[in-house]
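# Structure at a glance
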Amino acid sequence: MGYYKLRINEENKVWRKYITFSLSFVYKNNEVNFHEINNIENKINNLKIQALSSQGVVLNEKEFIKKTAPNFSRIQRILLIKETVLKVELFDDLKGVEFISLKVEGKFQNSYKLMNLTNAIDCVDRVNSVKKEFDFLSKLVLIKSMIPKEIDGFFLSGWDKYGKYETIVNERLKKKLLQLEKASEFLIFDKIEFSDED
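As a starting point, this report considers the structure included with it. (Residues numbered from 1 in each chain as written. Predicted model: local features only at pLDDT ≥ 70, side-chain atom pairs only at ≥ 80, totals over all residues. Heavy atoms only, no water.)

## Points about the overall build of the protein chain
Within the protein chain, the regular secondary structure consists of 4 helices and 17 strands. In summary, the protein chain has a C-alpha radius of gyration of 17 Å against a globular reference of 16 Å for 198 residues, a match within 12%. With respect to the three principal axes, the spread of C-alpha positions in the protein chain is 55 × 35 × 35 Å. Relative to its full complement of 198 residues, the protein chain shows a buried share of 50%. Across the protein chain, the fraction of contacts at a sequence separation of at least 24, relative to all contacts at a separation of at least 6, is 70%. Here the protein chain displays about 11,000 Å² of accessible surface, and carbon together with sulfur accounts for 46% of that area. Distance between charge centres in the protein chain, computed from 33 positive and 29 negative side chains, equals 5 Å. (Helix = DSSP H or I, 4+ residues; strand = E, 2+ residues; numbered from the N terminus. Rg over C-alpha atoms; globule rule 2.2 N^0.38 Å. Buried < 20%, exposed > 50% of the residue type's maximum accessible area, 1.4 Å probe, protein only. Contact = heavy atoms within 4.5 Å. Areas by Shrake-Rupley, 256 points an atom, 1.4 Å probe, with all protein chains shown as cover. Lys, Arg positive; Asp, Glu negative; His and termini not counted. Charge placed at Lys NZ, Arg CZ, Asp CG, Glu CD.)

Spelled out as structure tokens, the structure:
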């Protein structure tokens, strides 16, 4: 089965009509990194995100005249899906995948779900991987035998120097995500290379 690093299309031509969000989550009135609270909290509730304009944080959706909430977004490499497009029942048979409710801070019509992968695994092949300052110059190689076969996605730890996760999904989870509205416009799946591929 194939595995993919999930990222989001960041081209300006896609994003000029959509609201963007702050680079941090808000939890208990503090800006937080998801990987830090995910390691401490058993169940994360009341997580928020903040909408941005060129002037900073926006607390009322009516301030955005020509922009709308995107179906997908990403904060700290974690996928966010607009609640109105997420079909949770599609994911019921998958293992290691759950969804956490997110509110946009202030007066906003739309809410989001964070796709939480319940396993964080360091399976980086450090001999064959090459880490550069810019991601597009890096080469990520994983050790497949270290990934539990029964899970459909996981957070890759140990790759980012700040501890942030990469979102890794298998073929089954990729197909489910691509069934959601406008997924092919937003989501990019980079095939993972393994050093111990069968």
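More follows now that the structure is in view.
## Description of a nonpolar patch on the surface
A cluster of nonpolar side chains, Phe 134, Phe 136 and Leu 137, forms an exposed patch at the surface whose accessible area comes to about 370 Å². Residue placement: Phe 136 occurs in the loop between β12 (120-121) and β13 (141-142). The exposed category is assigned to Phe 136, whose relative accessible area is 68%. (Patch = residues over 30% accessible without salt bridge, like charges linked within 9 Å, V, L, I, M, F, W, Y side chains within 5 Å. Salt bridge = Lys/Arg side-chain N within 4 Å of Asp/Glu carboxyl O.)

## Remarks on the pattern of salt bridges
Counted according to the given criterion, the structure contains 9 salt bridges. Here Lys 113 ties to Glu 83 by a salt bridge, and the two come within 3.7 Å at their closest N and O atoms. Pair noted here: Lys 113 is in strand β11 (residues 112-117) and Glu 83 is in the loop between β9 (78-82) and β10 (97-104), with a separation of 30 residues, a long-range link. We note a salt bridge from Arg 172 to Asp 152, for which the minimum N-O separation is 2.9 Å. Of the two residues, Arg 172 is situated in helix α3 (residues 171-177) and Asp 152 in the loop between β13 and β14 (153-156); the sequence distance between them amounts to 20 residues. A relative accessible area of 3% places Asp 152 in the buried class. Salt bridges linked by common partners bring Arg 77, Asp 160 and Glu 166 together as one network.

## Quick word on the nonpolar core
Core analysis: the largest hydrophobic core is formed by 51 residues, its most contacted members being Phe 25, Phe 34, Met 115 and Leu 177. If you tally residues by element for this core, the top one is β10, at 5 residues. Sequence-distant contacts of Met 115, defined by excluding residues within four places in its chain, comprise Leu 6, Ile 78, Leu 79, Val 97, Glu 98, Phe 99, Phe 155, Thr 167, Val 169, Leu 173 and Leu 177. Core analysis: the second largest hydrophobic core is formed by 14 residues, Cys 123, Leu 140, Leu 142 and Ile 168 among them. (Core = buried A, V, L, I, M, F, W, Y, C linked by side-chain atoms within 4.5 Å.)

## Some remarks on the pairing of strand β15 (residues 166-170)
Within a regular beta strand, the side chains point alternately toward one face of the sheet and then the other, so they alternate between its two faces. Counting buried positions along β15 gives 5 out of 5 residues, so the element sits mostly inside the fold. Of the two faces of β15, the one lined by Glu 166, Ile 168 and Asn 170 and the one lined by Thr 167 and Val 169 are each fully buried. Alignment of strand β1 (residues 3-8) against β15, held across 3 bridges, turns out to be antiparallel. Counterpart to Lys 5 in the pairing with β15 is Ile 168. (Pairing = 2+ DSSP bridges.)

## Thoughts on the sheet that holds β15
Strand order in this open sheet of 5 strands is β12-β14-β15-β1-β16, and the pairing throughout is mixed. Where the open sheet ends on each side, the last strands, each with one partner, are β12 and β16 (187-191). In this structure, β12 lies alongside β14, joined through 2 bridges in parallel fashion. Paired with Ala 120 across the two strands is Phe 155, which belongs to β14.

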